[in-house]
Amino acid sequence: MSFFRALIAIFLPPLAVLDKGCGSILIVTVLWFCGWIPGVIAALVIVNKK
């Protein structure tokens with residue numbers, strides 16, 4: 001994971017997981033609306049997966 005991608009995952013989590021598929025975007029968006037921290041954690045986990 002690059003520094004730029006991690007930075008995007010912290011500030012705009014749904015934008016960071018755009019290339020990971022529709023399900024990931026939906027999950028991260030819902031978690032992001034429920035609270036900023038769950039959305040960021042989910043985005044970082046999904047971005048770190050290979």
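Rules used throughout
- Residues numbered from 1 in each chain as written.
- Predicted model: local features only at pLDDT ≥ 70, side-chain atom pairs only at ≥ 80, totals over all residues.
- Heavy atoms only, no water.
- UniProt positions renumbered as here; feature names shortened; annotations may be inferred.
- Helix = DSSP H or I, 4+ residues; strand = E, 2+ residues; numbered from the N terminus.
- Rg over C-alpha atoms; globule rule 2.2 N^0.38 Å.
- Buried < 20%, exposed > 50% of the residue type's maximum accessible area, 1.4 Å probe, protein only.
- Contact = heavy atoms within 4.5 Å.
- Areas by Shrake-Rupley, 256 points an atom, 1.4 Å probe, with all protein chains shown as cover.
- Core = buried A, V, L, I, M, F, W, Y, C linked by side-chain atoms within 4.5 Å.

An unreviewed UniProt entry lists the protein under the name YqaE/Pmp3 family membrane protein, from Leeuwenhoekiella nanhaiensis. Per UniProt, the comment on the protein under Subcellular location (unreviewed entry) is "Membrane".

Student: What is the right way to look at the overall build of the protein in this model?
Tutor: Broken down by element type, the protein carries four helices and zero strands. Rg of the C-alpha trace for the protein: 9 Å, near the compact-globule value of 10 Å for 50 residues, within the 12% margin. Dimensions of the protein, computed from C-alpha atoms along their principal axes, come out at roughly 25 × 20 × 15 Å. Looking at the protein as a whole, 32% of its 50 residues are labelled buried. A sequence separation of at least 24 residues applies to 43% of the contacts in the protein between residues at least 6 apart. Looking at the protein as shown, the accessible area adds up to about 3400 Å², and 78% of this sits on carbon and sulfur atoms.

Student: It is not clear to me how the nonpolar core should be interpreted in this structure. Could you clarify?
Tutor: Within soluble globular proteins, side chains that are nonpolar generally end up buried alongside one another. If you look at the biggest cluster of nonpolar residues, it comprises eight residues: Ala9, Ala16, Val17, Val28, Ala42, Ala43, Ile46 and Val47. With four residues, helix α4 (residues 36–48) is the largest single contributor of residues to this core. Beyond its immediate sequence surroundings of up to four residues, Val17 is in contact with Ser24, Ile25, Val28, Ala43, Ile46 and Val47.

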